[in-house]
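This is what each chain is made of:
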Amino acid sequence: MQQSFDTCNYYFNEISNKVTAESGKWTDGEHLGKIIIRCLKEAPNFIAQIDGGTGEKETNKSVLERTVMCAQSFINFGLKYQDVVMVIAPNHLHISIPLYAAFCTGVIFAGIDFNLGENELADTFKSGQPKMIFCQNSNLQTVRKALARIKSNAEIVTFDEGQDCISFTKFISKYSGDATVENFRICDFEPVETIALLIATSGSTGLPKVAVLTHQNVSVGFIQNWKGLSKAPNPFDIGLVISPIQWISSTFQIVMSPILRYTRLQTSNKLSPEHVYDLINKYKPKYTICSPTYMTTLLRNDHQHVCDFTSFKYMLIGGSAVSKELYADLKKVAPNVMIQVGYGMSEASGLIFSPHYVPLGSIGRPMEHVNWKLVDPDTEEIIPEPYKAGEIRIKGRSIFKGYYNNPEMTAQAFDKDGWLKSGDIVYRDENYNFFYVDRQKLLLKYRNHQVSPLEIENVILKHPGVVDVAVSGIPDPEYGDLPIAFVVKKNDYDLTAQCVEDLVKETLTDSKQLRGGVIFMDELPVTSTSKLDRTKLKNMAVSLRKN
């Protein structure tokens, strides 16, 4: 049975070996450009991607030809090794082409939030220093104003046709020269050192940061997310991409779909729940990655009954804690789906724990490609015994090289021995099944008692009138933190603050009571990476105290 879990890993190793044998350079087994180009060549007529918003489809052959033209255009235009290109666009059929082209040329790729305004874009451009930006005509002027603010002369290419800027189609026509699949030469470089991706990773508590992932990081880390699938290539026919391009879950599918050979279903339209329902009903995808927040929205939307979720066979839910209630709700609508509750980090290039054959509620056992240790964050002493909580720290070839142009935050990310500090408090049982407690920075203190917001949230979520909840703390000079619950209730449910407080009182000890009260909201705030915005909630709690 364990062998079937490693099928995709074995298949990836086979591809890597073929690439290495062809070039005679053993490190090419982690060169993403050479790996993806080979995979596209092996199945030219396979449908690589579908835009569910327009119905457009594209084969591997077309993707391969456009990738080669784009890569040669990068070279002829004058982009150099480790220059940065940024893409600011919805999930149409063009966005994967600059990504694959960057992999082939040693250029760095960064996906940027399509909804950023001028100020935010200016900060992003100042940090990333892009030499080329791909965007839409609809946000062209915002991009130009942001570049002007930092006095950058980065080249702008629009994916759609317009009068004011060179389009993507015209760009590759103008600069690709006589490049063909047959005569194009992929650039040589060392995957262990060469940056492949810049991934936004604001998390749930801090300022936005950009993680640096090398070709080696991605090659080692991404494939580990596929443990549990027993067939490769073509483990399923269609995978649904819900995430925007700046999320690692989106980049992950763009990278892995040609390698594992499944059709990537995405959409250039706005991802409303109703549109997602239409995509699922029409195309019957077998796989998707989704945050708990968005999955909660899909399952508890007033119109979710129109969607047939039974097509799903595999689903990765990650980015924040997954409640037992959400897990149960998902199994009701998709009883045959294999749900992978994924614990991972962008800084670790994906998953860290394997959640297969573990007790319900466990985040899994450590994967083979990472080394780990559990430490007391206050004393830095290793915790050897089970059932004692501490911070999980990791090492391995999938661990990122730091935050781009941010040496201070990079230094803070690692301990003195070079272990990546996750910031997450976990514990293990005697069988090395790990269980999530909470973010280290999120733990509240009432008097001398540690209080986990997640524990209180899980209690409140059991109420049938609650759609979503987040717990924060109101600072108090005498008692420390007073737990406060921000609750999203069902529209047709008469739910009072007293009902919520009573539920917590009946279930948890005195130190965990909602002494800060209950605030009802239409929706909980989220970060640009769809994680719960704990910082915003904390600020709201602080302001309540001041008032």
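So, here's what we can say about the structure. These numbers were taken from a predicted model, which means no experiment stands behind them.

From N to C terminus, the protein includes 17 helices and 27 strands. Radius of gyration (C-alpha) of the protein: 24 Å, near the 24 Å computed for a compact globule of 547 residues. Seen through its C-alpha atoms, the protein measures out along the principal axes to roughly 75 × 50 × 50 Å. Considering the protein as a whole, with its 547 residues, one finds that 57% of them fall into the buried category.

Another point: helix 10 (residues 248–260). With 13 residues, helix 10 should reach 18 Å at 1.5 Å per residue; the first-to-last C-alpha distance of 17 Å fits that figure. With 12 of its 13 residues buried, helix 10 lies for the most part within the structure. Taken from the residues just after helix 10, Arg261 is the one with a positive phi, measuring 60 degrees.

Pairing between side chains becomes possible if they bear opposite charge and their charged atoms approach one another. Applying the stated criterion across every chain, the model contains 31 salt bridges. For the salt bridge of Asp28 with Lys34, the shortest nitrogen-to-oxygen distance reads 2.7 Å. The exposure classification of Asp28 matches that of Lys34, with both residues buried. Here Arg515 and Asp510 are joined by a salt bridge, their closest N and O atoms 2.8 Å apart.

Here we take up the sheet that holds strand 19 (residues 390–396). On the basis of which strands lie adjacent, the open sheet formed by 4 strands has the order 18-19-21-22 and antiparallel pairing. Since the sheet does not close on itself, it has two edges, and those belong to strand 18 (370–375) and strand 22 (434–439), each with one partner. Strand after strand, the sheet turns through a mean of 45 degrees between neighbouring axes, direction not considered. Examined bridge by bridge, strand 21 (residues 420–428) and strand 22 share 5 bridges and lie antiparallel to one another.

This part is about the pairing of strand 26 (residues 480–489). Most of strand 26 sits inside the fold, with 8 of its 10 residues counted as buried. Bridging between strand 25 (residues 466–476) and strand 26 involves 10 bridges; their strand directions are antiparallel. Residue pairing across strands places Ala470 opposite Phe486, the latter belonging to strand 26. From the end of strand 25 to the start of strand 26, which pair antiparallel, there are 3 residues. Crossover connection from strand 26 via helix 16 (residues 497–507) to parallel strand 27 (residues 517–520): handedness right-handed.

A few words now on the pairing of strand 5 (residues 132–135). Burial of the side chains of strand 5 extends over both faces: Met132 and Phe134 are buried on one face and Ile133 and Cys135 on the other. The sheet contact formed by strand 3 (residues 84–87) and strand 5 spans 3 bridges and is parallel. Bridging across to strand 5, Met86 finds its partner in Ile133. With 4 bridges connecting them, strand 5 and strand 6 (residues 155–158) associate as parallel partners. When the bridges of strand 6 are listed, Cys135 appears paired with Thr158. In this fold, strand 5 hands off to helix 7 (residues 140–149), which returns the chain to strand 6; that crossover is right-handed.

This brings us to the packing of aromatic side chains. Describing an aromatic ring pair means giving the distance of the ring centres and the angle of the ring planes. All told, the structure shown has 28 aromatic pairs when counted by the stated rule. Seen in terms of ring centroids, Phe236 and Tyr287 are 5.0 Å apart; in terms of plane orientation they differ by 15 degrees. Their pairing is stacked. With Phe236 in the loop between helix 9 (215–222) and strand 9 (238–240) and Tyr287 in strand 11 (residues 287–290), this residue pair connects regions lying 51 residues apart in the sequence. Here Phe236 matches Tyr287 in class, with each residue buried. Here the aromatic cluster, defined as three or more aromatic residues joined through ring pairs, consists of Phe74, Phe77, Phe134, Phe159, Phe168, Phe171 and Tyr175.

Looking now at unusual backbone geometry. That bond from Ala232 to Pro233 is cis: its omega, 0 degrees, falls within 30 degrees of zero. The residue Pro233 is located in the loop between helix 9 and strand 9 in this model. Phi angles above zero are rare outside glycine, and Lys151 is one such case at about 55 degrees. Turning to its location among the elements, Lys151 is positioned in the loop between helix 7 and strand 6. Of note, Tyr432 is a non-glycine position whose phi angle comes to about 65 degrees, a positive value. Take Tyr432: it is sitting in the loop between strand 21 and strand 22. When its relative accessible area of 38% is taken as the criterion, Tyr432 is described as partly exposed.

This paragraph deals with empty space enclosed by the protein. Counted according to the given criterion, the structure contains 3 cavities of 30 Å³ or more. Approximately 60 Å³ is the volume found for the largest cavity. Mapped by element, the contributors of at least two residues to the lining of the largest cavity are strand 1 (47–51), helix 4 (60–77), helix 5 (96–105) and helix 10. Taken together, the residues of the lining of the largest cavity break down into 7 nonpolar, 4 polar and 2 charged. Of the volumes computed, that of the second largest cavity is approximately 40 Å³. Lining the second largest cavity we find Phe109, Ala110, Gly111, Leu197, Leu198, Ile199, Ile245, Gln246 and Thr251. Tallied by class, residues from the lining of the second largest cavity come to 6 nonpolar, 3 polar and no charged.

Basis of the calculations
Residues numbered from 1 in each chain as written. Predicted model: local features only at pLDDT ≥ 70, side-chain atom pairs only at ≥ 80, totals over all residues. Heavy atoms only, no water. Helix = DSSP H or I, 4+ residues; strand = E, 2+ residues; numbered from the N terminus. Rg over C-alpha atoms; globule rule 2.2 N^0.38 Å. Buried < 20%, exposed > 50% of the residue type's maximum accessible area, 1.4 Å probe, protein only. Expected span 1.5 Å × (residues − 1). Salt bridge = Lys/Arg side-chain N within 4 Å of Asp/Glu carboxyl O. Pairing = 2+ DSSP bridges. Axes fitted to C-alpha atoms, helices over the stretch in contact; angles between N-to-C directions. Right-handed = clockwise from strand over helix to strand, strands pointing away. Phe/Tyr/Trp six-rings, centres within 6.5 Å; stacked < 30°, edge-to-face > 60°. 1 Å grid on protein atoms, 1.4 Å probe; cavity = no way out; pocket = protein on both sides within 12 Å on 5 of 7 lines; lining within 4 Å. Points joined across faces, edges and corners; volume = space filled by probe spheres on them. Nonpolar A, V, L, I, M, F, W, Y, C, P; charged D, E, K, R; others polar.

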